[in-house]
Amino acid sequence: MNERDWISFFIENGCSLIPLRSGEKTPSVKWKRYTRERMGKNELIAELEKKRSRNYGVVCGEISGGLMVIDIDNDELFSALNIGELASSTLTVRTSKGYHLYVFFREFEAVNRWIGEKGVKNLTIEKREEIRFQWNEHYVVGPGSLHPSGKFYEHFITSPVKIVEAKSIELLKEIERR
């Protein structure tokens, strides 16, 4: 799938998307409003074409139907967490350093209490931020986009092109305990 196919996929799944600068992680528009309203597909594509960019961001949280992205920045940690079952059941994207796992959570209040006011929860291992649970007021770079290192954000081949809905936030608490 190319970035346009991914854009269609995310929009069909109710996600809010934003244009990013070419080859960067930085939004090309004032993006905070898209945590409260969605940019239309035609507007997004026009903005990407105007900026000659293929990069886009997927806004996390309630605006995107409860989308949380679990951002793991370490291959060894990804393996050690033993979350292969989750990665093989939901959309997982290979990033320049690790993985993004996309999961829908419909228990907004429970997630908000667990994650806190900042909309992101960071887990630090050996004084390095290794896992981020991205939620309200945060976004991740979408698959098909180009990382500043020159690597593409790619669909992890063993994962499906679908986003699963978690039954409860126990999944998050379990990852945190590991």
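Before reading further, recall that the structure is shown in the block above.
Quantities reported herein were computed from a predicted structural model and do not represent experimental measurements.

1. Considering the overall build of the chain
Helix and strand counts for the chain stand at six helices and ten strands. In terms of C-alpha radius of gyration, the chain reaches 15 Å, essentially the compact-globule figure of 16 Å for 178 residues. If one aligns the C-alpha atoms of the chain with their principal axes, the spans along those axes are about 45 × 35 × 30 Å. When the 178 residues of the chain are sorted by exposure, 53% land in the buried category. Relative to all contacts within the chain whose residues are 6 or more apart in sequence, the contacts with residues 24 or more apart total 74%. When the accessible area of the chain is evaluated, it comes to approximately 9000 Å², of which 46% is carbon and sulfur surface. Charge-centre separation for the chain: the mean point of 28 positive side chains lies 4 Å from the mean point of 26 negative side chains.

2. Looking at the nonpolar core
Counting residues in hydrophobic clusters, the biggest one holds 29 residues, and the most contacted among them are Phe10, Leu17, Val58, Leu67, Leu91, Tyr102 and Ile163. Going through the elements one at a time, α1 (3–12), β1 (16–19), α2 (41–50), β2 (56–59), β3 (67–72), β5 (99–104) and β8 (139–141) are the ones with two or more residues in this core. The leading source of residues in this core is α1, at four residues. Beyond its immediate sequence surroundings of up to four residues, Leu91 is in contact with Trp6, Phe9, Phe10, His100, Leu101, Tyr102, His155, Ser159, Pro160, Lys162 and Ile163. By size, the runner-up hydrophobic cluster in this structure holds 26 residues, among which are Ile115, Val164, Ala166 and Leu172.

3. Topic: the pattern of salt bridges
On inspection of all chains with the given rule, the structure shows twelve salt bridges. Between Lys51 and Glu47 there is a salt bridge, with its nearest N and O atoms 3.8 Å apart. With a relative accessible area of 38%, Lys51 lands in the partly exposed category. Residue class for Glu47 comes out buried when judged on its relative accessible area of 13%. Residue Lys173 is joined to Glu170 by a salt bridge in which the shortest nitrogen-to-oxygen separation is 3.7 Å. On the criterion of helical spacing, the pair formed by Lys173 and Glu170 is a turn pair, its members being three residues apart in helix α6 (residues 170–177).

4. Observations concerning the environment of Thr26
Along the chain, Thr26 falls in the loop between β1 and α2. Judged by relative accessible area, which is 34%, Thr26 ranks as partly exposed. Residues Thr26 and Glu107, spaced 81 residues apart in sequence, show a C-alpha to C-alpha distance of 29 Å.

Rules and cut-offs
Residues numbered from 1 in each chain as written. Predicted model: local features only at pLDDT ≥ 70, side-chain atom pairs only at ≥ 80, totals over all residues. Heavy atoms only, no water. Helix = DSSP H or I, 4+ residues; strand = E, 2+ residues; numbered from the N terminus. Rg over C-alpha atoms; globule rule 2.2 N^0.38 Å. Buried < 20%, exposed > 50% of the residue type's maximum accessible area, 1.4 Å probe, protein only. Contact = heavy atoms within 4.5 Å. Areas by Shrake-Rupley, 256 points an atom, 1.4 Å probe, with all protein chains shown as cover. Lys, Arg positive; Asp, Glu negative; His and termini not counted. Charge placed at Lys NZ, Arg CZ, Asp CG, Glu CD. Core = buried A, V, L, I, M, F, W, Y, C linked by side-chain atoms within 4.5 Å. Salt bridge = Lys/Arg side-chain N within 4 Å of Asp/Glu carboxyl O.

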